[in-house]
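The chain contents come next:
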Amino acid sequence: MKVRATLACALAALTSACATPGAGEKGQLVPIDLPAPSAGSPAPRRVALVVGVQRFDDARWRPLRFAEADARDMAEVLRDPAHGAFDEVRVLTGGPTRLEVLAAMRDLGALSRDSRDTVVVYVSSHGTLARDGTGRLGRYLVMRDTRLDDVPRTGLSLGDLESAFDALRSRRKVLVLAACHSGDGKSLLPEDVAAELSSLKAGFFPPPIDEVSRARVVLAASDFGETAREDEKLGHDVYTHFLLEALRMGLDRNGDGAVTAAEAHDHARRATYAFTGGRQRPSAESSEVGADAVVLAGRIERTGRPELYSYAQRLDGFTVRVDGTDVGDLPGGVALASGPHRVQLTKGGGPEILDARVTLGPGERVDLAHLMDRSDRWEIAPRLAALGFLDAKSRLDVAGGPAIGPALAVVLREWPAPGLVLRVDVAAAAGRATLHQGEQEAPFDYSVLTGGAAVAWRWAPAALGGTAFLVGPRLSAVWLERRFDLALAPPSQTYLTFAPGLLAGVTVPLGRRLTLGAELQADWAVVRVDGQDRSTGFGALLLGAGWRL
Amino acid sequence: MRTRRVEWVATAALAGLLASCGSLDSPDLSTGVVAGRIDPAYAGGRVYLFGQPEVGQPLAGDGSFHLEVPSGRVTIVALDGKDRAGLLAADVPGADAVWVGPAPAAAGGGDSSFPGSPGPPLPLAGFIQARAGPTTGPVSTDARFTVSGTDVAGVAPSAAGDALLGPLPPGVFELRVEAPGFAAASVAVTVVAGGTVVADVLLAP
């Protein structure tokens, strides 16, 4: 078995904030959720489990140099009354096994029974990848008893660890995984997995460490596919060093007196990036990160300055510009003075993807991703539409086609719920067709007017740079008119019906506000023709530009 | 809330089936209208479809007519009510009207009244002096004469055995004769304007 030599692989730090805003606050300005003592109940506790594994029974795992030091120093800072002031910190060093770590997680659950408790779990070790019994490639942490040739059964599955973490009652919890899974640095891959990955043309990017719950945040020492590192001079893995530094130095960005998980991570992320020359980019994942009030050091003594932040993957690398001055890069957060501000997001020389005016009060925390969603909620989209029946018979005797005409769509994003859009559209077209009866033919003119409303799911993969997909149900009204220029026929016939259907579309941003979009609509309609109800399909293809308001 | 939303969508979809209004009824393209005006016209003037004489109508007071006929190529027999008759050919569009004769003043489809100019005067009508009988023997007085396609049908001869058939528009017609004890017979007869053509038809047992 080839053991890949490696640089030290740094680890991921994760902190998860659990202050869960009320349902009505989701996506809005997020107030800090200060732990409120409740009469008659014990005060919330601050507990931690810190694990460092640097020697392994299977000699094929290269020993790490600083994993135990990482754990010891993390525990020290958390215990220190001048910093973390945690009530209880349990440390597992000296080579804990997989079962010992899982047992410690269960014990942690016994220690923390209050949802207001603050819980930190920190694990520093090798990471690896292996296929489980179903063939799915999963990520594992290497424990002392983990065997390279049987990782699925002897390694600590991230899934198992996260399940145990999620089972903790606390709503303020942080999971820090100090390991990477790139096959380099602080990780080692089984040969078959390494061979499989090396055969890929593109780099291997395993999926994010699962979807995070609202109650936690994942702060990783390195981005996916990157190598985390230990450093001889620092005596720690790089990320952990700077995370500890933030706690020890009390890097309180917003001046409220406490160092939160987000503040500590932001410092560690930026410092790690600079220290490694950009080779290691710690990341964070959470829908709630930044909104957390998970205090890792100090205590909240006053209302802090307002902050802007984002850890959304789609905003990685963007620069935050406030009142014309660049104040920071994303992911991360910046603290501002209270009052009105002009907030812009840019990347390189590209156009601003956000240009909004906000007024921030003390203590307010605004997620820039939510601000983007909120500021660009409306879109007016003129379209060119091709309308027509989906069956040939109706195209012959009701309306030919497809007929080309103008259309207009109005889109309201994030309504009626996050991730959804309301889309109202209208389209019109006219044309000329020929009615056939035996050998007789009669030309006629027709008009089609359709209007509909759809509530669609909007999906914007981060990798596609703002391109969004829509799909959802749509209810429309279809108005048809036929006009015969015949002496024995009524000059005009009209028909109105309602048609349920589906909408699918894609929107591609062309700049700050301009978009290019296409939608396909398919409706089911019953049309009464010559005294008989006809079940048919009515479709529309729309293409055009859009303007976000 | 979610349940109510689903119910709303389901109800709206159902309403879509029921809440339609209007209808799209295709015109019947199997028939059309032939319109025109006969001038001069007199009482008793009429038009009918050649081949289907039961499809006809008297001329209006101003000599106009508006006759619904099968669509396609048709021939109209027009009688002025006095001494003139003619055949008017027309291509009748389905569910539409066609004016025969000079273009109407307000030409164009969609106006079924066709207030147009009269056509050229009809030619003088012609007649057929018809008799029928065996090669040897007297003419039949029981024979019945029919000019195919016209309203001249089943005409009985006089006591002398002659039958004056008309008025007929100039043209070639098939004269058919049926008489008891004889096989039916027919001959082609050319009717000339203002004249009477004698047609003797031999009857065979």
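Computed from a predicted model, the values in this text were never measured in an experiment. (Residues numbered from 1 in each chain as written. Chains lettered and ligands numbered in written order. Predicted model: local features only at pLDDT ≥ 70, side-chain atom pairs only at ≥ 80, totals over all residues.)

### Details of the overall build of chain A
Item 1. Along its length, chain A carries nine helices and 28 strands.
Item 2. Buried residues in chain A amount to 50% of all 549 residues.
Item 3. Pairs at least 24 residues apart make up 68% of the contacts formed inside chain A by residues separated by at least 6 positions. (Helix = DSSP H or I, 4+ residues; strand = E, 2+ residues; numbered from the N terminus. Buried ≥ 20, exposed ≤ 12 C-beta atoms within 10 Å, placed from the backbone. Contact = placed C-beta atoms within 7 Å.)

### Focus: the confidence of the model for chain B
Should pLDDT be low for a region, the predicted coordinates there are not to be read in detail.
Residue and element names in this part refer to chain B.
Item 1. Looking at chain B as a whole, the pLDDT averages 87, with 86% of positions reaching at least 70.
Item 2. Here helix α1 (residues 2-18) stands out as the least confident element of chain B, with mean pLDDT 68; strand β10 (residues 144-147) is the most confident, with 97.
Item 3. Counting interchain partners and residues more than four positions distant, the pLDDT-below-50 stretch residues 104-114 has 26 contacts.
Item 4. Scoring the predicted complex yields pTM 0.56 and, for the interface, ipTM 0.76. (pLDDT = per-residue confidence, 0-100.)

### Section: the interface of chain B and chain A
Item 1. Opposite the 28 residues of chain B that make contact, chain A presents 30 residues.
Item 2. Counting only elements with at least two residues in the side of chain B that touches chain A, the list comes to α1, β1 (21-22) and β2 (31-37) of chain B.
Item 3. Of the residues forming the side of chain B that touches chain A, the biggest block, six residues, is contributed by α1 of chain B.
Item 4. Considered class by class, the residues forming the side of chain B that touches chain A number 13 nonpolar, twelve polar and three charged.
Item 5. Both strand β26 (residues 493-509) of chain A and β1 of chain B contribute to a ladder of two bridges, which runs antiparallel. Across the sheet, the residue bridging to Leu 496 of chain A is Cys 21 of chain B, located in β1 of chain B. (Nonpolar A, V, L, I, M, F, W, Y, C, P; charged D, E, K, R; others polar. Pairing = 2+ DSSP bridges.)

### Things to note about the sheet that holds strand β5 (residues 64-70) of chain B
Residues and elements named next belong to chain B.
Item 1. The three strands are arranged β5-β2-β8 in an open sheet whose pairing can be described as mixed. Each end of this open sheet is capped by a strand with a single partner; those strands are β5 and β8 (97-99). Direction aside, neighbouring strands of the sheet carry axes that sit 25° apart on average.
Item 2. Across three bridges, the pairing between β2 and β8 is parallel. Looking at the pairing, Val 34 lines up with Val 98 of β8. (Axes fitted to C-alpha atoms, helices over the stretch in contact; angles between N-to-C directions.)

### Details of the pairing of strand β17 (residues 332-335) of chain A
Residues and elements named next belong to chain A.
Item 1. Of the two faces of β17, both are covered, the one formed by Gly 332 and Val 334 as well as the one formed by Gly 333 and Ala 335.
Item 2. One ladder, built from four bridges, connects strand β14 (residues 307-310) with β17; its direction is antiparallel. Residue pairing for β17: Leu 308 is matched across the bridge by Val 334.

### Description of the sheet that holds strand β3 (residues 46-49) of chain B
All names here are of chain B.
Item 1. Read across the open sheet, the four strands follow the order β4-β3-β6-β7; overall the sheet is antiparallel. Among the strands making up the open sheet, the edge pair consists of β4 (52-58) and β7 (85-92). The sheet shows a mean angle of 25° between the axes of neighbouring strands, direction not considered.

### Some thoughts on the packing of helix α1 (residues 67-79) of chain A against helix α6 (residues 238-249) of chain A
All names here are of chain A.
Item 1. α6 packs onto α1 with a crossing angle of 15° between their chain directions and a minimal axis gap of 10 Å. Between α1 and α6, the angle falls in the class roughly parallel. In this structure, α1 meets α6 at a crossing whose hand is left-handed. When α1 is examined against α6, the residues Asp 70, Asp 73, Met 74 and Val 77 are found in contact with a partner set consisting of Thr 240, Leu 244, Leu 247 and Arg 248.
Item 2. In terms of residue class, the contact of α1 with α6 is built from four nonpolar, one polar and three charged. (Parallel < 35°, antiparallel > 145°, perpendicular 65-115°, else oblique. Left-handed = near helix turned anticlockwise from the far one by under 90°.)

### Side note on helix α8 (residues 368-375) of chain A
Item 1. Turning to α8 of chain A, its buried residues number three or more, namely Leu 368, Ala 369, His 370, Leu 371 and Met 372 of chain A.
Item 2. Those residues of α8 of chain A hidden inside the fold are in contact with β14, β18 (339-346), β19 (354-360) and β20 (365-367) of chain A.

### Regarding the environment of Leu 308 of chain A
All names here are of chain A.
Item 1. Positionally, Leu 308 belongs in strand β14.
Item 2. Look at Leu 308 and you get buried, because 26 C-beta atoms sit within 10 Å.
Item 3. Distance in space between the C-alpha atoms of Leu 308 and Val 343 is 9.2 Å, their sequence separation being 35 residues.
Item 4. Filtering out sequence-adjacent residues up to four positions away, Leu 308 remains in contact with Val 320, Gly 333, Val 334, Leu 336, Val 343, Val 366 and Leu 368.

### Things to note about the environment of Gly 51 of chain B
Item 1. Residue position: Gly 51 of chain B is located in the loop between β3 and β4.
Item 2. Taking the C-alpha atoms as reference, Gly 51 of chain B lies 3.7 Å from Gly 149 of chain B; in sequence the two are 98 residues apart.

### Quick notes on unusual backbone geometry
Negative phi values dominate among residues other than glycine, just as trans dominates among peptide bonds.
All names here are of chain B.
Item 1. Here Asp 39 and Pro 40 are connected by a cis peptide whose omega angle stands at 0°.
Item 2. Note on placement: Pro 40 falls in the loop between β2 and β3.
Item 3. A cis amide bond links Gly 166 with the next residue in sequence, Pro 167, at an omega value of 5°.
Item 4. In this structure, Pro 167 sits in strand β11 (residues 163-168).

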